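Each chain is listed here by its residues.
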There are 4 protein chains.
Amino acid sequence: MIKAGLIGFGYWGPNLARNLYASKEFKLECICDEKKDNLLKARKLYPNIKLTEKPEDVLNNPLIEAVIIASSVNTHYDFARQALLNGKDVLIEKPMTDSFKKAAEIYELSLKLNRKVMIDHTFLYNGAVRKIKEIIDKKSLGNIQYIDSTRINLGKFQNDVNVLWDLASHDISIINFLMAEKPQYVQAIGKIYYSEVKENIAFLILHYSSGLIAHMNCSWLSPVKIRKMLIGGSKKMIVYDDIEPSDKIKIYDSSVNVLKVKDKGKILVDYRVGDITIPKFSIEEPLSLLIKDFALAIKQGKKPVSDILTGLETVKILELAQESIVNNGKLLNYKL
Amino acid sequence: MIKAGLIGFGYWGPNLARNLYASKEFKLECICDEKKDNLLKARKLYPNIKLTEKPEDVLNNPLIEAVIIASSVNTHYDFARQALLNGKDVLIEKPMTDSFKKAAEIYELSLKLNRKVMIDHTFLYNGAVRKIKEIIDKKSLGNIQYIDSTRINLGKFQNDVNVLWDLASHDISIINFLMAEKPQYVQAIGKIYYSEVKENIAFLILHYSSGLIAHMNCSWLSPVKIRKMLIGGSKKMIVYDDIEPSDKIKIYDSSVNVLKVKDKGKILVDYRVGDITIPKFSIEEPLSLLIKDFALAIKQGKKPVSDILTGLETVKILELAQESIVNNGKLLNYKL
Amino acid sequence: MIKAGLIGFGYWGPNLARNLYASKEFKLECICDEKKDNLLKARKLYPNIKLTEKPEDVLNNPLIEAVIIASSVNTHYDFARQALLNGKDVLIEKPMTDSFKKAAEIYELSLKLNRKVMIDHTFLYNGAVRKIKEIIDKKSLGNIQYIDSTRINLGKFQNDVNVLWDLASHDISIINFLMAEKPQYVQAIGKIYYSEVKENIAFLILHYSSGLIAHMNCSWLSPVKIRKMLIGGSKKMIVYDDIEPSDKIKIYDSSVNVLKVKDKGKILVDYRVGDITIPKFSIEEPLSLLIKDFALAIKQGKKPVSDILTGLETVKILELAQESIVNNGKLLNYKL
Amino acid sequence: MIKAGLIGFGYWGPNLARNLYASKEFKLECICDEKKDNLLKARKLYPNIKLTEKPEDVLNNPLIEAVIIASSVNTHYDFARQALLNGKDVLIEKPMTDSFKKAAEIYELSLKLNRKVMIDHTFLYNGAVRKIKEIIDKKSLGNIQYIDSTRINLGKFQNDVNVLWDLASHDISIINFLMAEKPQYVQAIGKIYYSEVKENIAFLILHYSSGLIAHMNCSWLSPVKIRKMLIGGSKKMIVYDDIEPSDKIKIYDSSVNVLKVKDKGKILVDYRVGDITIPKFSIEEPLSLLIKDFALAIKQGKKPVSDILTGLETVKILELAQESIVNNGKLLNYKL
């Protein structure tokens, strides 16, 4: 079993701990959190696991082979760097870092030291997302024309990053996972309501050379929680509603056909509306699959689904989005 | 009774005809449509009303006092102008015209000739919208921070205007109706998938000097029909879902309070989540109220709710949005 | 064209008038209603049609070939009888009569006088119901095990019949249409809250020799309107929700298999849960199809889908249900 | 801390274990399950807690003060009896026993030995149910006229009891909790589809002397999971939908008023439809509150909300329902 240490037992850390603890591949040796409250919760759940307030107790512990980082975003770079330098494999909660420069350094370091770095973009292991990828890969939808995602709720305001880093990071990684191509241009518009924090509402638009446009609507100020993604293809369309208790994915056998331009500027548009299918998909816990993928990466060198490039690309797009917001939605060229 | 003539019996015209016919204020004398098929439908429903294929039969008929224009957008200007010059009052289906220049001319002409021109922005007479206005006017929501509207469905592609002129024209008129202030800046991003037609998907963002941001997501390419508007205030928030059969308006007694910046860059955010109220509102047919308002404007000189300025402002914003789309979402100054 | 007279222009009559008026098969000659208010509404909509307060003006008019009866239930028998005796074909709004004895008399009379009598069970022409029949006829569901229908709303209390005659009459006719077999036993339980009226809440249970059980929950006292029917088969199951704006029919590829009795009283049950399909179906107005079917019955002798036997069977079951309610839910034998 | 032993670690046991483990009042000493698989799961979660396959190790352990029974229904009586005889306080998963005779014996024994017996009807600690009780206790609804509950899903078929014992046991305890009065009559209708098991579909109707009628629709054969309870009062009505992620309780300010009987058999019914309110309520885990209540009962002698009488009454009604099913829905007198 791979001996693992977890840094961060706040919001997401307990989920990682639970899955590491239940895993047959990992042995969770140590949990670190700077807050005593969080350590008390860990004590209650895992009386036999070593606890510490000092990240160094994990990072410098020679017994520990893999470090899982779930602390606040602005600490990711330091902890990941130190872990790599100490010869450990690393799993980092998304977003990978708070700047592309830092992410690129971690990437270079991982190559140089030949260590695995994986990013916890959990949605790439979600049964619904994997089912949608399966459908897209079968070319069932035709050409993908647009992706429109709404990811809004009340809070949780974050200290160090804006709402896109928090919420759109999910959409970006999902879209990059689903689509073969990468965006050509990035633009974003955002709004700060409370001067103490960064953008609480923001809209991110990605333009692709194929003609695909992806639009993401993110907010920490919505009274209702919405997690809805529309994927429009030339043959079929998908609505993925992650809040729906049962019917999360609907495949619409609907399409539009702009037939021809008739004289006098009239056009003839044909709308085809057919059956809707709600496919069944695996409901295995995504985080458990991610942990397995991390073990395979470490032990067999397998490229994980949520690999370091996924993290890198996501951070790059987020950084460009931030720059575009400052420049009133300016169109910026994307290149990794 | 005011003697009225209707030009256009295609998609919206029959609704106007039905309400004019049922009205106690108007006598519908004549229906005009260039298509024989449409006239046959009119014949069946109104065997006693005069029918014609020539707009002149309405515009030049000295008996007719009011002209209602429901023909395609690019004909609005000519018909309205001719009707005014012939001394008639005019009701124009939204959007008022296909350019601001034309709209301004009609406006000037109506002042000069002292004729009433009203625009059919039907939503301003909708019970749900009027209830929301009532709530906002009572200051129940606190400061309005954002409005986020999604108005998407499959089709109907239009010949001469893009999706914003078709769909966002509703949102713009509603938002202008609800809010005391007008936007400061307009920006929009759109996408053309079929070269024969104009933008089928577009996002419109309005910035206000108060800090309010309004975001509109419009599409003719969605497999599902969504009509959802979120209005976020500092005290309460509203979700208005026009597709819901019964619970169209939900008032959330929820708010966010960013309390203070603590040291080390930490912020303290307080989330208050209370009861939700679904208020009852009048379900009287909006178009019937609009027709009454038109009669009052003609007979008593009352300023109608959906007045010519509403039409003018909407067209100005749509025109700026179009310009912004061509310029990759450039921020444009709004001034009537 | 068949010359038709309509008796009753209250709640349902206007819908019949509109469809008769639009039909190419019928010429609506005369509308009768005992209330002046209702006639005024008819005058406005159909200025050219003869109006009367006296049913005799329709029933005894030698020009009229077909009489459509949409007056209150307790008048159906008299009007239908008189129309038949005067040689006319008859369409009666559901329920056919307020007693089985009367329904049977009308049935005998129609045979004796060789006149068509059809009952307006509109749901048998509804696209969703016809689609479900198509699915059942293809044996896709396996053996139908249960039908569970909820048909509740606030009002409209009726003067002369209880809630089952008003609401369950729909379910009974739909179930008889969908299933090849007729019920073996009928039982019902009901509750009167207001002594002035009949049962406002009632539960009707039909038992079939095949093992099928049908349960109907009907109420005039529910704050929400529900129209939901579950149809459970051994292979697949259907949920039909008539309130849903778009996804009215869902076919669940789910089933239960009780495999075997293991020792120690343990059973092994296998649950299969697969995809869900939402089939597209025709949205043609059901009443328009019913009117066509009435014309075909008169002109070509075609047996209509909603024939007199449908009306007869429904009334028989309703009468037994009423008897069962009085006897605390006693199981009563059904035989036509 | 009260030293506790848990018997049964199958479906519900793990939830009890988790809450006992997290409780400050109890110390979970021992977990018993006859299946090795279940014990392995317990081992993983609670490496420090003693495990056993033999109930006697819990029942006869002198250190253990409180026994929590979550094994199959037919074992409840034996285990509870033995625990009481050994001087322990007892918490029994619902339903209390599989016959009223056994439940009554446990009741007598608890009185005689002066030991606490509490039944785990968890819903009585559910925030939504407690909020509804609060509303009813304030007389906001007026006279309660009907309760209509639908509790259906696919499976889980049980070995030893029918669907009412499994599902209606929730409704019965909730209704007894909400209403001051107890039912006067019980009747039920059920259906067995698979001879190996008991009724899989059943309808239970309770009649009250106040005029209240309660109807429960329970099924293990529905493709959709429904948990919906309507509570109709003379002033207001409630819809409680436990599946809704957020808006579980809706209070309808709607009512019906049957005003008077006019001449000619006409009645005048007034429908009042007002606002709808969705009240906020506590989302504290119900089972955690129940465990606290159990501790208070043991330590301070407080009568718990889900007391032994709740269990006794529920079992009595279930037993009468079973008798009524066998007698085709015969109305049976309820008396504890």
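Residues numbered from 1 in each chain as written. Chains lettered and ligands numbered in written order. Predicted model: local features only at pLDDT ≥ 70, side-chain atom pairs only at ≥ 80, totals over all residues. Heavy atoms only, no water.

Novice: How would you explain the relation of the copies chain B and chain A if you had to name every residue and give the values?
Specialist: Screw-axis analysis of chain B against chain A gives a translation of 0.0 Å along the axis, an RMSD of 0.0 Å, and a rotation angle of 180°. Here the copies are linked by what is in effect a two-fold axis. Take the interface residues of chain B: 100% of them recur as interface residues in chain A, which is what a same-surface contact looks like. (Least-squares fit on C-alpha atoms with pLDDT ≥ 70 in both. Contact = heavy atoms within 4.5 Å.)

Novice: Go over the nonpolar core with me, naming the residues and quoting the values.
Specialist: One finds Leu204(A), Leu204(B), Leu204(C) and Leu204(D) to be the most contacted residues of the largest nonpolar core, which totals 499 residues. Not counting the four nearest positions on each side in its chain, Leu204(A) is found in contact with Leu164(A), Ala168(A), Ile172(A), Val186(A), Gln187(A), Ala188(A), Ala214(A), His215(A), Met216(A), Ile317(A) and Ala321(A). (Core = buried A, V, L, I, M, F, W, Y, C linked by side-chain atoms within 4.5 Å. Buried < 20%, exposed > 50% of the residue type's maximum accessible area, 1.4 Å probe, protein only.)

Novice: Provide a residue-level description of the interface of chain A and chain C, including the pertinent values.
Specialist: Between chain A and chain C, the contact holds 10 residues from the first and 10 residues from the second. Both faces considered, chain A and chain C share a buried interface measuring about 910 Å² in area, 46% of it formed by carbon and sulfur atoms. Of all residues in chain A, Ile276(A), Ile278(A) and Lys280(A) give up the largest surface area on contact with chain C, accounting jointly for 49% of the area buried on that side. Between chain A and chain C we count 2 salt bridges in total. A salt bridge links Asp247(A) to Lys250(C); its shortest N-O distance comes to 2.5 Å. Our count for the contact surface shared by chain A and chain C stands at 8 residue pairs in polar contact (both at pLDDT 80 or more). When the residues that make up the side of chain A that touches chain C are grouped by side-chain class, the tally is 4 nonpolar, 2 polar and 4 charged. (Buried area = accessible area lost by both parts, 1.4 Å probe. Salt bridge = Lys/Arg side-chain N within 4 Å of Asp/Glu carboxyl O. Polar contact = N/O pair within 3.5 Å; in protein donor to acceptor, adjacent residues only side chain to side chain. Nonpolar A, V, L, I, M, F, W, Y, C, P; charged D, E, K, R; others polar.)

Novice: Account for the side chain of Lys250(D), with residues named and values stated.
Specialist: Counting through the fold element by element, Lys250(D) comes out in strand E13 (residues 249-261). Since its relative accessible area comes to 16%, Lys250(D) is described here as buried. Within the local environment of Lys250(D), its side chain forms a polar contact with the side chain of Asp247(B), the two groups lying 2.5 Å apart. Those residues in contact with Lys250(D) that lie beyond four places of it in its chain are Asp247(B), Ile278(B), Met237(D), Ile238(D), Val239(D), Ile276(D), Thr277(D) and Ile278(D). (Helix = DSSP H or I, 4+ residues; strand = E, 2+ residues; numbered from the N terminus.)

Novice: I'd like a rundown of the sheet that holds strand E6 (residues 117-120) of chain C, residues and numbers included.
Specialist: Residue and element names in this part refer to chain C. With parallel pairing, the 6 strands of this open sheet are ordered in space as E3-E2-E1-E4-E5-E6. Among the strands making up the open sheet, the edge pair consists of strand E3 (50-52) and E6. Recorded for the sheet is a direction-independent mean angle of 25° between the axes of neighbouring strands. The strands that helix H1 (residues 13-22) touches are strand E1 (2-7), strand E2 (26-32), strand E4 (66-69), strand E5 (89-93) and E6; relative to E2, the one it contacts most, it runs at about 150°. (Pairing = 2+ DSSP bridges. Axes fitted to C-alpha atoms, helices over the stretch in contact; angles between N-to-C directions.)

Novice: Describe the domain arrangement of chain A, with residues and values.
Specialist: Residues and elements named next belong to chain A. In terms of domain boundaries, chain A breaks down into domain 1 (2-115) and domain 2 (124-282 + 316-333). On a C-alpha basis, the centroid separation for the pair domain 1 and domain 2 is 31 Å. Three residues, Lys94, Pro95 and Phe100, lead the burial of domain 1 against domain 2; their summed loss comes to 62% of the area buried on that side. Connecting domain 1 to domain 2 are 0 salt bridges. At the boundary of domain 1 with domain 2, the tally comes to 4 residue pairs in polar contact (both at pLDDT 80 or more). Looking at the side of domain 1 that touches domain 2, the elements that each hand over two or more residues are helix H4 (73-85) and helix H5 (100-113). (Domains from an automatic or database assignment.)

Novice: Could you give me a rundown of helix H1 (residues 13-22) of chain A, with the residues and numbers involved?
Specialist: Of all the positions in H1(A), only Gly13(A), Leu16(A), Ala17(A), Asn19(A) and Leu20(A) are classed as buried. Here the buried face of H1(A) lies against strand E1 (2-7), strand E2 (26-32), strand E4 (66-69), strand E5 (89-93), strand E6 (117-120) and helix H8 (286-300) of chain A.

Novice: Provide a residue-level description of the packing of aromatic side chains, including the pertinent values.
Specialist: This structure, assessed with the given rule, holds 20 aromatic pairs over all chains. Taken together, a centroid distance of 5.2 Å and an interplanar angle of 45° make the contact between Phe157(A) and Trp220(A) tilted. A residue pair is termed long-range when its members are at least 10 positions apart, and Phe157(A) in the loop between strand E7 (144-154) and helix H7 (163-178) and Trp220(A) in the loop between strand E10 (213-219) and strand E11 (221-233) qualify at 63 residues. Measuring from ring centre to ring centre gives 6.2 Å for Tyr271(C) and Phe157(D), while their planes differ by 40°; the resulting arrangement is tilted. Here Tyr271(C) is found in strand E14 (residues 267-278), whereas its partner Phe157(D) is found in the loop between strand E7 (144-154) and helix H7 (163-178) on a different chain. (Phe/Tyr/Trp six-rings, centres within 6.5 Å; stacked < 30°, edge-to-face > 60°.)

Novice: Mind laying out the pairing of strand E12 (residues 237-241) of chain B, listing which residues take part and the relevant values?
Specialist: Of all 5 residues that make up E12(B), 5 are buried, and the element is covered over most of its length. Along E12(B), one buried face is formed by Met237(B), Val239(B) and Asp241(B) and the opposite face, lined by Ile238(B) and Tyr240(B), is buried too.

Novice: Explain the sheet that holds E1(A) to me, using residue names and the numbers behind them.
Specialist: Residue and element names in this part refer to chain A. Spatially, the 6 strands line up as an open sheet ordered E3-E2-E1-E4-E5-E6, and their pairing is parallel. The open sheet is flanked by strand E3 (50-52) and E6, the only strands paired with a single partner. For this sheet the average axis-to-axis angle between neighbouring strands, irrespective of direction, equals 25°. Here E1 runs beside E2; their pairing, made up of 6 bridges, is parallel.

Novice: Which residues make up helix H2 (residues 36-45) of chain A, and what are the values?
Specialist: Residue and element names in this part refer to chain A. Of all the residues in H2, the buried ones are Asn38, Leu39 and Ala42. The buried side chains of H2 occupy one side of the element, clustering within an arc of 100° when seen end-on. Exposed residues on H2 whose side chains face more than 90 degrees from its buried face are Lys36, Asp37, Leu40 and Lys41. On its buried face, H2 is in contact with E2 and E3. (Arc of directions from axis to C-beta.)

Novice: Could you give an account of the packing of helix H5 (residues 100-113) of chain D against helix H9 (residues 308-326) of chain D, naming the residues involved and the relevant values?
Specialist: Residue and element names in this part refer to chain D. Relative orientation of the contacting elements H5 and H9 amounts to 165°, with a least axis distance of 9 Å. Classified by the interaxial angle, the pair formed by H5 and H9 is roughly antiparallel. Here the hand of the crossing between H5 and H9 comes out left-handed. Every residue of H9 that contacts H5 at Phe100, Lys101, Ala103, Ala104, Ile106, Tyr107 and Ser110 is listed here: Ile308, Leu312, Val315, Lys316 and Glu319. Among the residues forming the contact of H5 with H9, the class breakdown is 8 nonpolar, 1 polar and 3 charged. (Parallel < 35°, antiparallel > 145°, perpendicular 65-115°, else oblique. Left-handed = near helix turned anticlockwise from the far one by under 90°.)

Novice: Just give me the short version of the interface of chain B and chain A, but keep the residues and values in it.
Specialist: Across the boundary between the two partners, chain B contributes 49 residues, which contact 49 residues of chain A. When the two sides are added together, the surface that chain B and chain A hide from each other amounts to roughly 4,600 Å², 68% of it contributed by carbon and sulfur. The three residues of chain B that bury the most area against chain A are Asn159(B), Pro223(B) and Tyr271(B), which together make up 12% of that side's buried surface. Applying the counting rule to chain B against chain A returns 17 residue pairs in polar contact (both at pLDDT 80 or more). Listing elements by their share of the side of chain B that touches chain A, those giving two or more residues are strand E7 (144-154), strand E8 (185-191), strand E9 (201-207), strand E10 (213-219), strand E11 (221-233), E12, strand E13 (249-261) and strand E14 (267-278) of chain B. When residues in the side of chain B that touches chain A are grouped by element, the largest group, 7 residues, is from E11(B). When its residues are assigned to classes, the side of chain B that touches chain A shows 28 nonpolar, 14 polar and 7 charged.

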